[in-house]
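Residues per chain are reported as follows:
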2 protein chains.
Amino acid sequence: MDVNAGFLPSRYRLTRQRAAVLRVLDGGGHLSAEAVHARVRSELTSISLGTIYRTLEILRDLGLVQVFSFEGGAARYETALDKHFHLMCSQCRELLNVQAGGVAEIAGEIATRHGYSDVDWSLTVVGRCLGCSEKALTEA
Amino acid sequence: MDVNAGFLPSRYRLTRQRAAVLRVLDGGGHLSAEAVHARVRSELTSISLGTIYRTLEILRDLGLVQVFSFEGGAARYETALDKHFHLMCSQCRELLNVQAGGVAEIAGEIATRHGYSDVDWSLTVVGRCLGCSEKALTEA
DNA sequence: CTCTCTGCAAAGCATTTGCACATTG
DNA sequence: CAATGTGCAAATGCTTTGCAGAGAG
């Protein structure tokens, strides 16, 4: 991804810190702020967690990054992709992106029926992944 | 709802506090722990917030109560009903329950394809509700 | 009399914020 | 130099927990 994209037409400056955060997220995965911090640190040793949070917020504002929050854990950040939903393992909490089919229609229909505007949706499917199922068997 | 239902076959005692929490939630709505606390207090003036949280956790464990967590706000609790999803206003954060149609199928299909078991799902549709849309117009 | 439950206050975790200094355009 | 960004540490909001006493079986 062109790290400059999205920055130029904005009031935000493209600093080393911001570029590094974006680069880490471009590496893929669903990372917590803490995890982003750890990775960016290998390059910018003195960057603070506060800056990570501030940066993630800005990248969100620019539409370059998406957040996923769930119960009992830190929010996970990923670079913005096509609209998708998440498949999450209830044990290891690993996240998988899944393409949406039909969900947008259901969401839109409901929203219209209730007079809601500026509609967005989020679907999360939770279950035990293959790896964790096997681990459970081995341990039993 | 019979407040005793669910308690008897369990290791939990039915105390005044627990009955009161359940009664408040049966009153309907999607309440934060803080809101439950405020309402229960009118009856049991010295009940603590800690007890509210502990009780909500137990009621969840018994399947009598469901939680809904979202970004940037306290979790909301409601008595367990048929599987449904939530329509949330992005401004006033009011929650509406909506019956599910087709979502379970999509979720199940995806989960099976990826080998996930013990599957559950949650769909949240977010938008601006009628009330908030009107308010926005009046203020403009 | 033992086990469970409660209130209280302290701790915990994720996130945000105030401030003084550094960096940038 | 004026505006923006940063590190640090303290503050915040929600939730959990340790403990000592109260209540239930």
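Residues numbered from 1 in each chain as written. Chains lettered and ligands numbered in written order. Predicted model: local features only at pLDDT ≥ 70, side-chain atom pairs only at ≥ 80, totals over all residues. Heavy atoms only, no water.

Thoughts on the confidence of the model for chain A
Residue and element names in this part refer to chain A. Averaged over chain A, the pLDDT score is 91; the fraction of residues at 70 or greater is 92%. Mean pLDDT in chain A bottoms out at helix 5 (residues 130-139), which sits at 87, and peaks at strand 1 (residues 31-32), which reaches 98. Throughout residues 1-9 the model reports pLDDT below 50, and contacts reaching past four residues in sequence, or to other chains, amount to 15 contacts. (pLDDT = per-residue confidence, 0-100. Helix = DSSP H or I, 4+ residues; strand = E, 2+ residues; numbered from the N terminus. Contact = heavy atoms within 4.5 Å.)

Quick look at the pairing of strand 4 (residues 84-89) of chain A
Residue and element names in this part refer to chain A. With six of six residues buried, strand 4 is to be regarded as a mostly interior element. Neither face of strand 4 is exposed, since His84, His86 and Met88 on one face and Phe85, Leu87 and Cys89 on the opposite face are all buried. Pairing analysis gives five bridges linking strand 4 to strand 5 (residues 95-99), with the strands arranged antiparallel. Paired with Phe85 across the two strands is Val98, which belongs to strand 5. Counting the residues between successive antiparallel strands, the hairpin from strand 4 to strand 5 contains five residues, one of them, Arg93, with a positive phi of roughly 65°. Bridge count for strand 4 against strand 6 (residues 117-128) is four bridges, and the pairing is parallel. Residue pairing in the sheet places Leu87 in a bridge with Val125 of strand 6. (Buried < 20%, exposed > 50% of the residue type's maximum accessible area, 1.4 Å probe, protein only. Pairing = 2+ DSSP bridges.)

Notes on the relation of the copies chain B and chain A
Note on the copies: chain B fits chain A at an RMSD of 0.1 Å, the axial shift is 0.0 Å, and the rotation between them is 180°. Put plainly, the chains are arranged around a two-fold axis. Residue B:Leu123 of chain B places its C-alpha closer to the rotation axis than any other residue of that unit, at 2.1 Å. Most of the interface of chain B is mirrored in chain A: 100% of its interface residues are interface residues there too. (Least-squares fit on C-alpha atoms with pLDDT ≥ 70 in both.)

Topic: the pattern of salt bridges
In the structure shown here, the tally under the stated rule is 14 salt bridges over all chains. Residues A:Glu71 and B:Arg60 are paired through a salt bridge, measuring 3.0 Å at the closest nitrogen-oxygen approach. Here A:Glu71, found in the loop between strand 2 (65-68) and strand 3 (76-79), pairs with B:Arg60, found in helix 3 (residues 49-61), and the two come from separate chains. Take A:Glu71: its relative accessible area is 37%, and that puts it in the partly exposed class. A:Lys83 is the partner of A:Asp120 in a salt bridge, and the nearest nitrogen-oxygen pair spans 3.0 Å. (Salt bridge = Lys/Arg side-chain N within 4 Å of Asp/Glu carboxyl O.)

Considering the protein's contact with DNA strand C
In the vicinity of DNA strand C there are 16 residues, among which A:Tyr53, B:Arg13, B:Thr15, B:Arg18 and B:Thr51 approach most closely. Per the 4 Å cut-off to the protein, sugar and phosphate atoms form 70% of the nearby atoms of DNA strand C. Within the backbone of B:Arg13, one N or O atom sits 2.9 Å away from a phosphate oxygen of DNA strand C. Measuring from a phosphate oxygen of DNA strand C, one finds a side-chain N or O atom of B:Thr51 at 2.5 Å. Ranked by residues supplied to the surface near DNA strand C, first place goes to helix 3 (residues 49-61) of chain A with three residues. For the surface near DNA strand C, a count of residues per class yields six nonpolar, five polar and five charged. (Near = heavy atom within 4 Å. Polar contact = N/O pair within 3.5 Å; in protein donor to acceptor, adjacent residues only side chain to side chain. Nonpolar A, V, L, I, M, F, W, Y, C, P; charged D, E, K, R; others polar.)

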